[in-house]
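Read off the chains here:
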Amino acid sequence: MKKLLLLLCVCASFVSVSAAGLNYDFESGSDDWSGRGDGQITLSSEQKHGGQQSLFVSGRTANWHGAELSSSYFQGGKKYKFSVYVFVTQNANMNLSLQYSENGNASYPCVEQKEVYAYSWTELKGEMILPDDVVDVKPYLQSSNETLSFFFDDFTCEEVVEELVEHPEAPLKDYFSSYFKIGTAATQGEITPMNNKKLILHHFNSVTPGNELKPDCLLDQQASIESGDNINPQVKLPGSTRAVLKFCEDNGLPIRGHVFVWHSQTPDWFFNEGFQSNGASVSKEIMNQRMENYIKNVVELVVSEFPNLEIYAWDVVNEAFLDNGNLRQPGSNYVTDGTSRWSEIYGDNSFIFKAFEYARKYVPRQCKLYYNDYNEYIDAKRDAIYSLVSSLFAQSLCDGVGMQSHLSTSFPSASLYRAAVEKFASIGCDIQVTELDITLADGADFNKQAQMYKDLFDIYREYKEKISLVAVWGTNDETSWRTEGKPLLFSEYKPKVAYDRIVEGMEITTDLNLVESNMEKRCFSQVAKDGMLQFYCEGRFDFEIFDLSGRSLLKGEATGPTTLDLSALKDTVYLVSFKREGNENVVEKVVRE
């Protein structure tokens, strides 16, 4: 839900470049610094943070104009620490950012942005991990005040080297393999550090891209305008999205798509005539066509560029309700927090039904669709979600409820949360716990947090026939969007007491136990070996085999235990679907080897 951006910088004007990093103090010149846009830089003794000189930036005519550093110091995949001091003669918002190119796509992540006060030196600082394939890295300074002139001094940047953390603890995904998937959310910044990669691969078997599949990340305003087609928004896959999807594809990690339709992180121009920032709102009829084309374009782009990526779930609509159970009020979320352009254009919840109709039409066949929301245990909101999903599920448009589960140690109680699980389970649909975290509140310690995690996982295991995923929102406390509340199962890549409590008394599922567990399902398949796939199913059943894009390759029917010859298929990962009469369809992943 939130972005984590970490950066480190150090520079020198008198330029000191060493193993310790960069250090620019501007005592002997401006060295590798230059103006950005119309920005002009000059050495000045009028103001200085240290020594006798600083750099003065003037002539700016746009907010991105300023000063930038060109240096060959930076390398992809490494973490850097940045610091610079700025001085202004009027209060202003200042920004230290990076520009770099990744796979031909430009990115501009922010190191730190803050309000600075006149006539005092203010430090901008932060850490950032560069993606693996970046080139042309340039730190730069700018201000939202387009004509502001400013001074800066003592710019430093150094590499931060982290010791690799080993994981002697057993994987969470193994403890719960006979219950449900164990997932996490990850942004590009979280799949770049080696320690985070190791943590994800060790413990989790599902990944939700944190920001990388949200509308504001994928929509391309300029291309949409230039296309001249008022109903067909254009989309792109930026470097951050490609990095997360490639990591998952390369490591065989299934993903949850998140999200098609949301009041937040969806640019206002998407709802305006001609895709213009200041255009009038389009009609409901135009928005229907835009929504369908957006969903179609996103799915087709992702599936075509990542054909071996398993997308097993997608949040279609996110957070449509207020806590009182009503739809969000009309308006721009960028103007009034919490309001919705979807509500503004449609005036009712019909956009939700349209979104699921279009998603069902275009997502891969094996991909299940969810309505996702937070505070889902509050009575009025719970009942609104229940009513909506019941209707969608009855029309075969929606497969389940996504319970975000952003909680604290003080609220909700386990009994209130259980009531929501029980009510959603009564629909007959699937349940996925999609964004679990529990912040410390009211002086609580990690023991109280651990007990709450245990209480929840006891509920999840009790409803294992209805719950297919439990995912935490993030990997470590340090990178969580709620980092001050230390809400997750790991800190500094190591398990907290909550990890110990949720696996207390459990055993790792062995192959024999897995077969026994599968037998309870009455229908399952075994991994293909030597080109053969074995089905274990009572009575007559239908089967169908798909590639990960959802394309059907083979189908038929059989009775009782059956061996299927897959020798005509290449060695890769497939999805096998089988169903007994009167039973829910079962979808499993198999490897032809």
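My aim in this report is to walk through the structure given alongside it, one point at a time. Here the structure is a predicted model, which is why all the values come from computation and not from measurement.

### Brief notes about the overall build of the protein chain
Link 1 in the chain: Counting its secondary structure elements, the protein chain contains 14 helices and 31 strands.
Link 2 in the chain: For the protein chain, the proportion of its 593 residues judged to be buried stands at 54%.
Link 3 in the chain: Within the protein chain, counting contacts between residues at least 6 apart in sequence, those at least 24 apart form 72% of the total.

### Notes on unusual backbone geometry
Trans is the prevailing form of peptide bonds, just as negative phi is the prevailing case for residues other than glycine.
Link 1 in the chain: The omega torsion of the bond from H258 to V259 falls at 15 degrees, within 30 degrees of zero and hence cis.
Link 2 in the chain: Mapping V259 onto the fold places it in strand β16 (residues 255–262).
Link 3 in the chain: Note the cis peptide between F411 and P412, where omega equals 0 degrees.
Link 4 in the chain: Here P412 shows up in the loop between β20 (406–408) and α11 (414–425).

### Things to note about the pairing of strand β18 (residues 368–373)
Link 1 in the chain: Where burial is concerned, most of β18 is hidden: five out of the six residues are buried.
Link 2 in the chain: Looking at chain direction, strand β17 (residues 311–318) and β18 are connected through five bridges and run parallel. Its bridge partner being in β18, V317 is matched across the sheet by Y371.
Link 3 in the chain: Pairing between β18 and strand β19 (residues 400–403): four bridges, direction parallel. For N372, the partnering residue across the bridge sits in β19 and is G402.
Link 4 in the chain: In terms of handedness, the path from β18 via helix α10 (residues 379–394) over to β19 forms a crossover that is right-handed.

### Points about the packing of α10 against α11
Link 1 in the chain: Two elements in contact, α10 and α11, have axes whose closest approach is 10 Å; the angle formed by their N-to-C orientations is 15 degrees. Judged by the inter-axis angle, α10 sits roughly parallel to α11. When you trace α10 past α11, the crossing you get is right-handed. Every residue of α11 that contacts α10 at D379, R382, D383, I385 and Y386 is listed here: L416, A419, A420, K423 and F424.
Link 2 in the chain: Split into classes, the residues belonging to the contact of α10 with α11 amount to six nonpolar, no polar and four charged.

### Quick word on the packing of aromatic side chains
Link 1 in the chain: Taken as a whole and judged by the stated rule, the model has 36 aromatic pairs.
Link 2 in the chain: When the centroid spacing of 5.4 Å and the interplanar angle of 85 degrees are considered together, the rings of F26 and F152 count as edge-to-face. Here F26 is found in the loop between β2 (21–24) and β3 (33–36), whereas its partner F152 is found in strand β13 (residues 150–160), with 126 residues between them in sequence. In this structure, F26 and F152 share a single accessibility class: buried.
Link 3 in the chain: On the numbers, 6.1 Å between centres and 25 degrees between planes, the contact of F74 with F82 is stacked.
Link 4 in the chain: On the basis of relative accessible area, F74 is assigned to the buried category, the value being 10%.

### Quick look at helix α9 (residues 350–362)
Link 1 in the chain: An ideal rise of 1.5 Å per residue puts 18 Å on 13 residues; α9 measures up with 19 Å between its terminal C-alpha atoms.
Link 2 in the chain: Residues of α9 that are buried: F351, I352, A355, F356, Y358 and A359. Seen end-on, α9 carries its buried residues on one side only, within an arc spanning 165 degrees.

### With respect to empty space enclosed by the protein
Once rolled over the atoms, a probe with the size of a water molecule shows which space is left empty.
Link 1 in the chain: The final tally for this structure, using the stated rule, is four cavities of 30 Å³ or more.
Link 2 in the chain: Considering the residues around the largest cavity, the lining is formed by V261, W262, H263, V317, N318, E319, A320, R328, S340, W342, S343 and F351.
Link 3 in the chain: The set of elements that each furnish at least two residues to the lining of the largest cavity consists of β16, β17 and α8 (341–346).

### Brief notes about the environment of L469
Link 1 in the chain: One can find L469 in strand β22 (residues 467–472).
Link 2 in the chain: Taking C-alpha positions, L469 is 5.9 Å from V433, a pair spaced 36 residues apart along the chain.
Link 3 in the chain: For L469, the residues in contact, after removing those within four places along its chain, are F180, K181, I182, G183, S206, R256, Y312, I431, Q432 and V433.

### As for the nonpolar core
Link 1 in the chain: One finds F260 and L436 to be the most contacted residues of the largest nonpolar core, which totals 104 residues.
Link 2 in the chain: It is helix α7 (residues 284–305) that provides the largest number of residues to this core, a total of ten residues.
Link 3 in the chain: If sequence neighbours within four positions are ignored, L436 has contacts with Q404, S405, L407, Y453, L456, F457, Y460, V470, A471, V472, W473 and L488.
Link 4 in the chain: By size, the runner-up hydrophobic cluster in this structure holds 33 residues, among which are F26, L69, V84 and L130.

### Overview of the packing of α9 against α10
Link 1 in the chain: Between α9 and α10, whose axes approach to 11 Å, the crossing angle comes to 40 degrees. Here α9 is positioned oblique relative to α10, judged by the angle of their axes. You can see that α9 and α10 cross each other, and the crossing is right-handed. Every residue of α10 that contacts α9 at I352, F353 and F356 is listed here: L388, S391 and L392.
Link 2 in the chain: Here the residues of the contact of α9 with α10 are counted per class, giving five nonpolar, one polar and no charged.

Cut-offs and rules
Residues numbered from 1 in each chain as written. Predicted model: local features only at pLDDT ≥ 70, side-chain atom pairs only at ≥ 80, totals over all residues. Heavy atoms only, no water. Helix = DSSP H or I, 4+ residues; strand = E, 2+ residues; numbered from the N terminus. Buried < 20%, exposed > 50% of the residue type's maximum accessible area, 1.4 Å probe, protein only. Contact = heavy atoms within 4.5 Å. Pairing = 2+ DSSP bridges. Right-handed = clockwise from strand over helix to strand, strands pointing away. Axes fitted to C-alpha atoms, helices over the stretch in contact; angles between N-to-C directions. Parallel < 35°, antiparallel > 145°, perpendicular 65-115°, else oblique. Left-handed = near helix turned anticlockwise from the far one by under 90°. Nonpolar A, V, L, I, M, F, W, Y, C, P; charged D, E, K, R; others polar. Phe/Tyr/Trp six-rings, centres within 6.5 Å; stacked < 30°, edge-to-face > 60°. Expected span 1.5 Å × (residues − 1). Arc of directions from axis to C-beta. 1 Å grid on protein atoms, 1.4 Å probe; cavity = no way out; pocket = protein on both sides within 12 Å on 5 of 7 lines; lining within 4 Å. Points joined across faces, edges and corners; volume = space filled by probe spheres on them. Core = buried A, V, L, I, M, F, W, Y, C linked by side-chain atoms within 4.5 Å.

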